[in-house]
Amino acid sequence: MYWTEFLTVALIHLLAVASPGPDFAVVVRESVTHGRKAGTYTAMGVGTAIFLHVGYSLLGIGLIVSQSIVLFNALKWAAAAYLIYIGIKALRAKPASASDAPVDIAKGERTARGAFTAGFVTNGLNPKATLFFLSLFTVVINPHTPMLVQAGYGVYLAFATGAWFCLVARLFSQPRVRAGFARMGHWFDRAMGGVLVALGLKLALTEMH
C-alpha cells in the first residue's frame, strides 16, 4: 500500500546522499588519511545521525527549528564552526620528512570513537539535513501514513545512508587510491581542509527560506 511512497522517499534520498557535501568530504578525508576502518566508522556515524533527524521530524521538533530564526541560526553556526575548525586543522598539515615518518604514523592512528564522532557530528549539526528531513516528512510523506510506517522509512534512510558512505569509505581506502593521494601528501590534507572550510563558510551564509 505504501510502496509508491517508499520508492519516492528512496529516490529523493538517493539523489540527496549522492551529492557531494560535508558528509562526503569528511568520509573521504578519514578514509584516505586513516584507512578503511576509520572511514567505515565515520560512515556509521553519519548513518546513525540520521536517526536523530528522523526522530525530531517525527516528533515535530524539526518544524519548530525551521520556524525559529534563533534556533536555526544557532544550529547553523554550530555546524559551520565545526566544519571550519576541522578544515583549518587540515589546512595546517605539514610535509612529513623521512626521519619523522614513524611519529606521524603513530599520531595518525584514529580511534573508532573519534572517527564515529566525526561522522555523527558532521551530519547531526547540518541544518540543511534538518530542512531536508523536515520537508521529507511533511511534504513527501503523507501525514496520515501510520507512525510505525514512517519510522520504518527512517530506519531505511539511516541504513541506506550508512551503507552508501561505507562504499565511499571502501573506495577511497583502497591501497592504490590511498597511495595516489599519499604522493600528494600534505597537499591532499590542505585541499580537503579548503573544501571543509568552504562548506562551513557556505553554510554560515545560508539563510532560512
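Scoring rules and cut-offs
Residues numbered from 1 in each chain as written. Predicted model: local features only at pLDDT ≥ 70, side-chain atom pairs only at ≥ 80, totals over all residues. Heavy atoms only, no water. UniProt positions renumbered as here; feature names shortened; annotations may be inferred. Helix = DSSP H or I, 4+ residues; strand = E, 2+ residues; numbered from the N terminus. Axes fitted to C-alpha atoms, helices over the stretch in contact; angles between N-to-C directions. Parallel < 35°, antiparallel > 145°, perpendicular 65-115°, else oblique. Left-handed = near helix turned anticlockwise from the far one by under 90°. Contact = heavy atoms within 4.5 Å. Expected span 1.5 Å × (residues − 1). Buried < 20%, exposed > 50% of the residue type's maximum accessible area, 1.4 Å probe, protein only. Arc of directions from axis to C-beta. Salt bridge = Lys/Arg side-chain N within 4 Å of Asp/Glu carboxyl O.

As a further point, take the UniProt feature "transmembrane region" (unreviewed entry) in the protein. If you check UniProt for "transmembrane region" (unreviewed entry), the listed places come out as residues 41-63, 70-88 and 153-172 in our numbering. Across residues 153-172, the secondary structure splits into 100% helix and 0% strand, with the terminal C-alpha atoms separated by 29 Å.

What follows is about the packing of helix H2 (residues 22-34) against helix H3 (residues 36-59). Two elements in contact, H2 and H3, have axes whose closest approach is 6 Å; the angle formed by their N-to-C orientations is 160 degrees. Taken together, the axes of H2 and H3 are roughly antiparallel relative to one another. Like other packed secondary-structure pairs, H2 and H3 cross with a definite hand, here right-handed. Listed contacts from H3 to Asp23, Val26, Val27, Glu30, Ser31 and His34 of H2 are Arg36, Ala38, Gly39, Thr42, Ala43 and Val46.

The subject of this paragraph is helix H1 (residues 3-18). The first and last C-alpha atoms of H1 sit 22 Å apart over 16 residues, in line with the 22 Å expected at 1.5 Å per residue. Here H1 has its buried residues at Glu5, Phe6, Val9, Ala10, His13 and Val17. One side of H1 carries all its buried residues, which in axial view fall inside an arc of 135 degrees. Set apart from the buried face of H1 by more than 90 degrees, the exposed residues are Thr4, Leu7 and Leu15. If you follow the buried residues of H1, they end up packed against helix H8 (127-140) and helix H9 (147-172).

Evaluated as defined, the whole model comprises one salt bridge. Ionic pairing is found between Arg110 and Glu30, a salt bridge with its closest N-O pair at 2.9 Å. Of this pair, Arg110 sits in the loop between helix H6 (101-107) and helix H7 (112-124) while Glu30 sits in helix H2, placing them 80 residues apart in sequence. Looking at Arg110, the relative accessible area reads 32%, which means it is partly exposed. Of the residues examined, Glu30 reaches a relative accessible area of 3% and is grouped as buried.

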